[in-house]
Every structure is written in structure tokens, then in C-alpha cells.
Amino acid sequence: MTSTPDARKANPMSLAVCTVSHSPLMARNEPAPGVRDRVEAAFAEARAFIGDFAPDVVVVLAPDHYNGFLYDMMPPFCIGTEARSVGDYGYEEGPLRVDRDLAQFLASAALAAGIDVAVSERMHVDHGFTQPLTLLFGGIAAVPTVPVFINSVAEPLGPVSRARLLGAALGRAAAGLDKRVLFLGSGGLSHDPPVPALAGATPEVAERLISGRNPTREQRAERETRVTAAAREFAAGTLPLQPLNPEWDRALLDVLASGELEELDSWSNESFVTQAGHSSHEVRTSIAAYAALAAAGPYVVTQSFYEPIPEWIAGFAITTARPA
Ligand SMILES: O=C(O)/C=C/c1cccc(O)c1O
Ligand SMILES: [Fe+2]
């Protein structure tokens, strides 16, 4: 069993952070010349950082896109003690390698800290989890993980400060362990892909958002083809999705690097949407990851890559950080 956090002295050097944007369109659409090479180089740098750190376990903080979490029961946060990938967008389907003891321990620690996190013995996850595990580790079961779902898509959302406090609670608990723990945040910065919303949905779409957990192969393919085509039109300027906002993205990355994470508490949910699009709330995963590291003391950002990539509908960032 995992020991309690106060049973050992906190060891801040046992924590590190990597945050990556995800976009399932990476494997579907070709961005402007040079972009893919720069993104691949940034992933290689992140992989080298992770290799040097050599984590014992990876706490993956990621959203869902109505694949695993639907409105029949939509928690703000959930920790999986078991998890399997639904296999969307061609990513591997099947079980993740969940460190069950650690998942239970972190859930208990978060609850003890006053964060009402749900627990799932059968969590279903999508590309938000599987893409970074694949690109950084080579597969969805390549490393022991604790999957932590952070709702970033399905309104209503709690204040951003709750994601920070969740991260801080997980970081405090993890820093007391005799393990090297990587907090991996998965989510884009500014972006507004055509993910449906319950408000104003047709009855058919609403039903899918409430209980469409197991779409047919054809339904899944139809959705993926539609989103891929939308991204191409967005990049060509013929589909008026909300524009990416590099200025907002850089301001957010600056706050993450500064360590002054409480500053983000004053960024209202509405301002995220109006300035950076609905899915910009996915940065809650990065905020939680940095808050986890901050719980163990001052930190330094060791990599900060950013490009706005319309073909992937993503303000796309890759960052790494370690204790100062
Ligand atoms: O769920 C989908 O079909 C599309 C998701 C998507 C597209 C672009 C950027 C993202 O962060 C996404 O999750
Ligand atoms: Fe996403």
C-alpha cells in the first residue's frame, strides 16, 4: 500500500511537470510548412526531459470530449482506479496501466483536502489521455499512470481556482511519497473546435451528450470526419470558428512560468470563452499540473514551446518544469 503523505518527509525533487496540448487532428491534417518539424522537435525535447526525470508513475490530468464522461453523471473531477481507452481517432483501445494503490491514495488525499473528487472503478478515457501517453511514452499502457479527469468542456464548470486547488492537493500528497511522480497536463490553450454543447442542442444531440457512451463505428467515423473537415475549413478561413488567440495563450504561459498561479483565479469562466474559445478551459489541466509542482516549492520552467496551429484547431504548447 502507498504510505500516507505525512509518513515521509516531502521530497520536492520527486515531482516534475510536462504539459502538452492535444489535438486528434495532428494525424489527420497537415499544418503549414515547418510546423510539424518544430512540434516533433518540441516533443523530442519533452521526451528527453521525462527520460532524465525517469518517473515511477505519471499522473495524467486530462479532459474528456463526451466519450467517457456524459451528462448522465458529469463530475467536475474524477480519479480512475481502473481505466480504458475508447479508441477514438485511431488511438489504441483498451486498458491503461493504472497504479491502483496510488489512485486510491490520491483520491483520499484530495477528499481529505476538501476537493470533492469522484472515483471511478471503470473510467473511460479518450484522446485527451491517449494522445499524450502515445506521443510521450509510446503507448497507453507503457507507464504506470493515475488518470485524473478534469471537466473542461461540459458546462456548467466550477471556477478555475478549483482546478488549481485540486492540483495543489495532489502535489502535496505526491511530494510525500518515495516515488518520482510526473504530473502530465493534457489540453490545448485557445481553441474552439466544433464540440457540441447541451445548451441549445437538438433533442438528438442532447441525447448523445447525455447517454451516447458507446457510439457505433460508423457514428464515431462520421464525427471524426466532420471535425477533420471543419479544421481544414477553419484553416482556410471558410469556417468562422472562434479564432485562436496567441496573445491570450502567451499571457497564460507567462503566468504558469511565474509561479503566481493564484492570479488565474480572477480570470472568469466567461472571459476564457470570449477571449479564447470554449475549449480553452482545457488549460485547467496545465493549471492543476503546475499547482501540483508548486505545492512542493518554487519551480523553474525548462521548456516552453508555443505555436498557434489552425489546421489542428489548437493554440499548441508543450512545457516542462522541475523544482528550482
Ligand atoms: O472531440 C473531438 O471530436 C475533437 C476534439 C479536439 C479537436 C481539436 C483540439 C482539441 O483539443 C480537441 O479535443
Ligand atoms: Fe480537447
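In short, a report on the structure. (Residues numbered from 1 in each chain as written. Chains lettered and ligands numbered in written order. Predicted model: local features only at pLDDT ≥ 70, side-chain atom pairs only at ≥ 80, totals over all residues. Heavy atoms only, no water.)

### Observations concerning the overall build of the protein
Our working rule: Going along the chain from the N terminus, every DSSP run of H or I of four or more residues is numbered as a helix, and every run of E of two or more is numbered as a strand. For the radius of gyration, the atoms used are the C-alpha atoms, and the globule rule reads 2.2 Å times the number of residues raised to 0.38. When a residue's accessible area, from a 1.4 Å probe over protein chains only, is under 20% of the maximum for its type it is buried; when over 50% it is exposed; and in between it is partly exposed. Here a residue-residue contact requires only that any non-hydrogen atoms of the pair lie within 4.5 Å. What sets the accessible areas is the Shrake-Rupley method with a 1.4 Å probe; for residues, cover comes only from the shown protein chains. Positive charges are assigned to Lys and Arg, negative charges to Asp and Glu, while His and the chain termini are left out of the count. A single reference atom marks each charge: NZ on Lys, CZ on Arg, CG on Asp, CD on Glu.
If you tally the helices and strands in the protein, you get nine helices and 11 strands. Against the compact-globule benchmark of 20 Å for 324 residues, the protein has a radius of gyration of 18 Å, which places it among compact chains. Taken along the three principal axes of its C-alpha coordinates, the protein extends 55 × 40 × 35 Å. The 324 residues of the protein split such that 56% are buried. When contacts within the protein are restricted to residue pairs at least 6 apart in sequence, those whose partners lie at least 24 apart make up 82%. About 13,100 Å² of surface is accessible on the protein, with carbon and sulfur atoms providing 53% of the total. Taken as two groups, the 25 positive and 38 negative side-chain charges of the protein have centres that lie 5 Å from each other.

### Some points on the environment of M73
Its place among the elements puts M73 in the loop between β2 (57-62) and β3 (77-80). Sequence separation of M73 and A296 is 223 residues, and the distance between their C-alpha atoms is 33 Å.

### Thoughts on helix α6 (residues 217-236)
Inclusion rule: Residue count minus one, scaled by 1.5 Å, sets the expected span of a helix. Here the arc refers to the directions that run from the helix axis out to each C-beta atom.
With 20 residues, α6 should cover 28 Å at 1.5 Å per step; its first-to-last C-alpha distance of 29 Å lies within 8% of that length. The set of residues buried in α6 consists of R220, R223, E224, V227, T228, A230, A231 and F234. For α6, the arc enclosing every buried residue in end-on projection is 160 degrees, short of the 170-degree limit, so these residues lie on one face. Opposite the buried face of α6, at more than 90 degrees from it, the exposed residues are R217, E218, T225 and A236.

### Observations concerning the packing of helix α1 (residues 35-53) against helix α3 (residues 127-137)
Selection rule: Under this scheme, a helix contributes an axis fitted over its contacting stretch, all axes are lines through C-alpha atoms, and angles between N-to-C directions fall in the 0 to 180 degree range. Oblique is the label for any angle not under 35 degrees, not over 145, and not in the 65 to 115 range, which are roughly parallel, roughly antiparallel and roughly perpendicular in turn. In this classification, the charged set is Asp, Glu, Lys and Arg, the nonpolar set is Ala, Val, Leu, Ile, Met, Phe, Trp, Tyr, Cys and Pro, and all remaining amino acids, among them Gly, are polar.
Running from N to C, α1 and α3 point in directions that differ by 80 degrees, and their axes come no closer than 9 Å. What the angle tells us is that α1 and α3 run roughly perpendicular. For the pair α1 and α3, the contacting residues are F43, A46, R47 and I50 in the first and L135, L136 and F137 in the second. The class makeup of the residues in the contact of α1 with α3 is six nonpolar, no polar and one charged.

### Observations concerning the coordination of the iron ion (ligand 2)
As a reminder of what qualifies: Donor atoms are limited to N, O and S found within 2.8 Å of the metal ion, a distance that becomes 3.2 Å for Na, K and Ca. With water left out, some sites might look partial.
For the iron ion (ligand 2), the full set of protein donor atoms is H22 (NE2), H65 (NE2) and E282 (OE), at a range of 2.0 to 2.2 Å. Binding-site remark: the iron ion (ligand 2) is held by donors from one chain whose sequence spacing is H-x42-H-x216-E. Taken as a pair, H65 in the loop between β2 and β3 and E282 in the loop between α8 (269-276) and α9 (284-294) lie far apart in primary sequence, 217 residues in all.

### Overview of the pattern of salt bridges
For the record, the criterion: What makes a salt bridge here is a side-chain nitrogen of Lys or Arg within 4 Å of a carboxyl oxygen of Asp or Glu, nothing more.
Summed over all chains, the structure comprises 10 salt bridges. R164 serves as the salt-bridge partner of D265, at 2.6 Å between the closest nitrogen and oxygen. Placement of the pair is D265 in the loop between α7 (246-258) and α8 and R164 in helix α4 (residues 160-175), with a sequence separation of 101 residues. On the accessibility criterion, D265 (33% relative accessible area) is partly exposed. One connected set of salt bridges, linked through shared partners, spans E82, R100 and E121.

Any functional reading would require information beyond the geometric quantities listed.
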